[in-house]
Amino acid sequence: MTRDKDDEVPNLAESKLTALVVDDNFINQSIHHKLLDRLGITNDVVCNGKEAVDVHCSGRNYDLILMDMDMPIMNGIQATRRLREMGIESKIAGVTTRANEVERQEFMEAGLNDFQEKPLTISKLLSILTNLNFYVQTS
């Protein structure tokens, strides 16, 4: 029996990384939460940008934020901009299905550190972690 490359994932639990999933879609929330869990990354989930800002206002901080762009109440661009204005230094990766160049550029300029198109996979998540210096691939 051969193993899929995605089956062989690192366990980053010893790194004690924390992540916040910000997405209004329950299926995406569940996928992103499970992918992070699979890597041993402790994570919380909120439903929109305002909740992400509120969590940080309450004193909680995260190493990584996976931020959707299109959400009700406060979208990912607005939330990213607000978090940066608040001095939040967490690494923020935009994760969205909408990827036209103008919107992507606006999202990046709001303060993103990285960007990936949905659907998020283990390999895309590892790419984010590598790009943001949370994980160094050894093979």
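Criteria and thresholds
Residues numbered from 1 in each chain as written. Predicted model: local features only at pLDDT ≥ 70, side-chain atom pairs only at ≥ 80, totals over all residues. Heavy atoms only, no water. Pairing = 2+ DSSP bridges. Helix = DSSP H or I, 4+ residues; strand = E, 2+ residues; numbered from the N terminus. Axes fitted to C-alpha atoms, helices over the stretch in contact; angles between N-to-C directions. Phe/Tyr/Trp six-rings, centres within 6.5 Å; stacked < 30°, edge-to-face > 60°. Lys NZ or Arg CZ within 6 Å of the ring centre and 35° of its normal. Buried < 20%, exposed > 50% of the residue type's maximum accessible area, 1.4 Å probe, protein only. Arc of directions from axis to C-beta. Contact = heavy atoms within 4.5 Å. pLDDT = per-residue confidence, 0-100. Salt bridge = Lys/Arg side-chain N within 4 Å of Asp/Glu carboxyl O. Patch = residues over 30% accessible without salt bridge, like charges linked within 9 Å, V, L, I, M, F, W, Y side chains within 5 Å. Areas by Shrake-Rupley, 256 points an atom, 1.4 Å probe, with all protein chains shown as cover.

Under an unreviewed UniProt entry, the protein has the name Response regulatory domain-containing protein and belongs to Thlaspi arvense.

Participant: I tried to follow the sheet that holds strand E2 (residues 42–46) on my own but got confused; where do I start?
Facilitator: Neighbouring strands of a sheet are bound in pairs by backbone hydrogen bonds; such pairs are parallel or else antiparallel. Strand order in this open sheet of 5 strands is E2-E1-E3-E4-E5, and the pairing throughout is parallel. This sheet does not close on itself; its edge strands, each paired only once, are E2 and strand E5 (114–117). Strand-to-strand, the axes of this sheet are offset by a mean angle of 20°, without reference to chain direction. Relative to E5, strand E4 (residues 91–96) runs parallel, the two being bridged by 4 bridges. Its bridge partner lying in E5, Ala-93 is registered against Asp-114.

Participant: Help me out: how do you make sense of the packing of aromatic side chains in this one?
Facilitator: Any pair of aromatic rings gets described here by the distance separating the centres and the angle formed by the planes. Summed over all chains, the structure comprises 0 aromatic pairs. Across the ring face of Tyr-62, the terminal group of Arg-60 is positioned such that the distance to the ring centre comes to 4.5 Å.

Participant: Quick question: what am I supposed to make of helix H5 (residues 122–131) here?
Facilitator: Along an α-helix, residues three or four positions apart point the same way, because every turn accommodates 3.6 residues. Those residues of H5 not exposed but buried are Ile-122, Leu-125, Leu-126, Ile-128 and Leu-129. Considered in projection along H5, the buried side chains sweep an arc of 155° and stay on one side of the axis. Lining the buried residues of H5 we find helix H1 (26–38), strand E3 (64–67), E4 and E5. Just past H5, the residue Asn-133 takes up positive phi, approximately 65°.

Participant: Help me understand the confidence of the model for the protein in this model?
Facilitator: It should be kept in mind that the predicted coordinates are not to be read in detail where pLDDT is low. For the protein, per-residue confidence averages 90 on the pLDDT scale, and 91% of positions sit at 70 or higher. When the criterion is pLDDT under 50, residues 1–6 qualifies, and its contacts beyond four places in sequence or with other chains add up to 4 contacts.

Participant: So what exactly am I meant to see when it comes to the pattern of salt bridges here?
Facilitator: Following the criterion strictly, the structure yields 5 salt bridges and no others. Between Asp-54 and Lys-50 there is a salt bridge; the shortest N-O distance is 2.8 Å. Remark: Lys-50 and Asp-54 occur in helix H2 (residues 49–57); sequence separation between them is 4 residues, near one turn of the helix. Residue classification places Asp-54 among the partly exposed residues on the basis of a relative accessible area of 35%.

Participant: For this particular structure, what's the right way to read a nonpolar patch on the surface?
Facilitator: Residues Phe-26, Ile-27 and Ile-31 make up a contiguous nonpolar surface patch of roughly 330 Å² in combined accessible area. Relative to the elements of secondary structure, Ile-27 occurs in helix H1. Overall, the relative accessible area of 56% leaves Ile-27 in the exposed class.

Participant: Even after reading the chapter, I still don't get the side chain of Gln-116, so can you show me in this structure?
Facilitator: Its place among the elements puts Gln-116 in strand E5. When near neighbours in sequence (up to four residues on either side) are disregarded, Gln-116 contacts Gly-94, Val-95, Thr-96, Lys-124, Ser-127 and Ile-128.

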